[in-house]
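Observations on the three-dimensional arrangement
Listed below are the residues making up each chain.
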Amino acid sequence: MFRTATATFLAVSTSFYFLLFTSPPKSYYHSLYISDSLSDNASISHHLYILTRRPHVAGTEANAEAAAYVLSTLTSYNFESHIVSYDVSLTYPVSRSLTLTQPHQDQPITFNLQQEIYDGDPYADVSSEVLPTFHAYAKSGTVTSTVAYANYGRVEDYETLKEMGVNASGTIVLARYGKIYRGDIVQNAFEAGAIGAVIFTDRKDYGGGDSSEGWFPDSKWMPPSGVQVGSVYDGVGDPTTPGWASTEGCERVSEEEVEKEGYVPLIPSLPVSAADGDTIMRSIGGPLANEDWQGCKDGPSYRVGPGPGILNLSYTGKHSISTIQNVIGVIKGAEEPDRFILLGNHRDAWTFGAADPNSGTAALLEVAQRLAKLQKRGWKPRRTIILCNWDAEEYGLIGSTEWVEDNREMLSLRAVAYLNVDIAVAGAGFEASATPQLDELLKKASQQVQDPDNSSQTIYESWIGSGNSPVIERLGGGGSDYAAFVQHLGVASADISYGGGYPVYHSMYDDFIWMQKFGDPMFRRHTAVASIWGLMALALADEEFLPFNYLSYALELQKSSKELEDAVSYKGVKLSPLFKSIEELTKAATGINNERKIYAPSKHNDYGSKSFPGIDDAIEKAKTLNTVESWNIVQHEVWRVSRAIKHVSQVLRGKLT
Ligand SMILES: [Zn+2]
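Residues numbered from 1 in each chain as written. Predicted model: local features only at pLDDT ≥ 70, side-chain atom pairs only at ≥ 80, totals over all residues. Heavy atoms only, no water.

Description of the confidence of the model for the protein chain
Mean pLDDT over the protein chain stands at 88; residues scoring 70 or higher make up 86%. Confidence drops under pLDDT 50 across residues 590-597; counting only partners more than four residues distant or on other chains, this segment forms 7 contacts. (pLDDT = per-residue confidence, 0-100. Contact = heavy atoms within 4.5 Å.)

A word on the pattern of salt bridges
If charged atoms from side chains of opposite charge come close, those side chains can pair. One pass over the full model with this rule turns up 21 salt bridges. Measuring nitrogen to oxygen at the nearest pair gives 2.9 Å for the salt bridge that ties Glu129 to Arg54. Highlighted residues: Glu129 in the loop between strand E2 (109-110) and strand E3 (135-136) and Arg54 in the loop between helix H3 (41-51) and helix H4 (61-76), separated in sequence by 75 residues. Salt-bridge contacts for Arg252 lead to Asp238; the nearest nitrogen and oxygen are separated by 3.1 Å. (Salt bridge = Lys/Arg side-chain N within 4 Å of Asp/Glu carboxyl O. Helix = DSSP H or I, 4+ residues; strand = E, 2+ residues; numbered from the N terminus.)

A short note on the coordination of the zinc ion
Coordination of the zinc ion by the protein comes from His346 (NE2), Asp356 (OD), Asp422 (OD) and Asp422 (OD), over a distance range of 2.0 to 2.7 Å. The site at the zinc ion holds 4 donor atoms, and with the angles between them running 51 to 140°, its shape is irregular. In primary-sequence terms, the residues that donate to the zinc ion follow H-x9-D-x65-D. Here Asp422 lies in the loop between strand E12 (415-420) and strand E13 (430-434) and Asp356 lies in the loop between strand E10 (336-346) and helix H10 (358-376), a separation of 66 residues in the sequence. (Donors = N, O, S within 2.8 Å, 3.2 Å for Na, K, Ca; no water. Tetrahedral: all angles 85-135°; square planar, octahedral: opposite > 155°, others 65-115°.)

Quick word on the packing of helix H12 (residues 398-406) against helix H16 (residues 482-489)
One can describe the packing of H12 onto H16 by two numbers: an axis separation of 8 Å at closest approach and a directional angle of 35°. Regarding H12 and H16, the two cross each other, and that crossing is right-handed. From H12, Ser400, Thr401, Trp403, Val404 and Glu405 reach across to H16, where they touch Ala484, Phe485, His488 and Leu489. Here the residues of the contact of H12 with H16 are counted per class, giving 5 nonpolar, 3 polar and 1 charged. (Axes fitted to C-alpha atoms, helices over the stretch in contact; angles between N-to-C directions. Left-handed = near helix turned anticlockwise from the far one by under 90°. Nonpolar A, V, L, I, M, F, W, Y, C, P; charged D, E, K, R; others polar.)

Topic: the side chain of Thr99
Mapped onto the elements, Thr99 comes out in strand E1 (residues 80-101). By relative accessible area, Thr99 is classed as buried at 17%. Among residues more than four places away in sequence, those in contact with Thr99 are Pro108, Ile109, Thr110, Ile310, Leu311 and Asn312. (Buried < 20%, exposed > 50% of the residue type's maximum accessible area, 1.4 Å probe, protein only.)

Regarding unusual backbone geometry
The amide bond that connects Phe216 to the next residue, Pro217, takes the cis arrangement and shows omega of 15°. With respect to the helices and strands, the residue Pro217 is situated in the loop between helix H7 (203-206) and strand E7 (230-231). Between Gly305 and the following residue, Pro306, the backbone shows a cis peptide bond with an omega angle of -5°. In this fold, Pro306 is placed in the loop between helix H9 (274-282) and strand E9 (310-331). Of note in the backbone geometry, Asn151 takes a positive phi value of approximately 55° without being a glycine.

Given below as structure tokens:
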């Protein structure tokens, strides 16, 4: 840079002038953002009330209506907003039946599999719109067999069964929810040789245990007829478009191929209530289960079986290509418009979705409202802020994954950070997960916001409790919509919430009344989530130097590598290269190299660089094999490259779908 002294003086005095008379500094807006004058728990509660009036599963008209509500709200704040739709493979229940036959009893018991409406239930009139209880992507089929009880259905539970001399092979497994992903419960049952699986909600874990508090609507606990529904799909994104976006008319793999990939269970399953779980449990004889496998004291004693009770389980689901809607709202950056800070939450719910996920949607709309108020007072973000309201998360993170696949090249070049909120509030206690470079930013934001449950301290103070530092979990697996951002794009991400697990999760009782009575009566926890969420977004959008702390990333890697050393060193594995690279990272502690290799050399021409190496290689192979399958692969490569070219042109046009 070249500049004379006079010019510098002019520049300084000019900016000083603007500072005094027109544009306040960014920090002024950031404190304003969390001030009482801007936050609005009444509008949060109103948004939640509107969003949860009807059950709104992905692919239904009710959820399209909810999308329209989010869109019109964002539009009313003057954000550039639009809906982007995808056609994805979802499943819905067509028929289910569950019958228990017991020796010495003439009449089999046929379970009605209904969640009961409660006294004074304001949603009684729309309760018929709640889907029959089911597992999304469960295998259709009918099975009949004796029942074996497998505790939480973990691998170690089957080991315990084996030690007890119990063989689950050929049985229908009865397992309880609560420790592992339900898809893994079914998969583990399959691997143990079971031909079907029934998963129940144990009163001990979800129904208040041996307390005498009763259940919803008298307390927060799950009623005896309450059922946790959910997906048993083990992948992410539309299973029929693995790795590419489910746009209209796109390439799709068949349902048979999806089964072959191993991401959907190969045995039928059903979720059942605590009451039905109890009834089935009473039909199981055999050895008494261990103490830690038992349920409530006043319930039946749990035995492992198998039998003598015999279950007949029948499930038919239908796959359909359904249209889903993501809602996208954009606040364009004034100085670095091509760098994106993304905030995301899903909208689709298994039932009414008061906690999961619309507490998060209400918080997203609150963030939007406060940012709109800042804009009215002259604030302009340095970078672009994008608000995303995803669809079909519950089926397998489908809306977010398809959008990331659809915009992959642009996002991998421009996305700076992704901040997720799924369930904003399910109870007390702030919780956070993040990729490590965001740890410091999370702590800083929580230090600026008052604890909604104790006005004498900050969230940070209650979060650390008696320790020195808060616990920040890492973003593993496919827990929520951050997965595509972390795993496909490698973008810095965080996920925040109030309260962890909650008893009425994924049941018909996750409604506005539950939230108002037990989850967050004053909606102050919602306000607090909106405050931390927005403060992090403002720092990422406005600070000249991105508030990433890679040193904490390096420290995290150091920690993990030490653990690794303990685990493998006695096997003679050398970890020195790993240590060295982490040391270099610690020294560098800087940005990420986003360079991409677009022109890879073809395997058949190592020195050349062809534009379509994948296709060329497939053709060479197909010429040799000359089978239908090998030429199908060529076709697949053509699709792949077409999509890549489409992505590049999207980047050139600078437009998101
Ligand atoms: Zn959710």
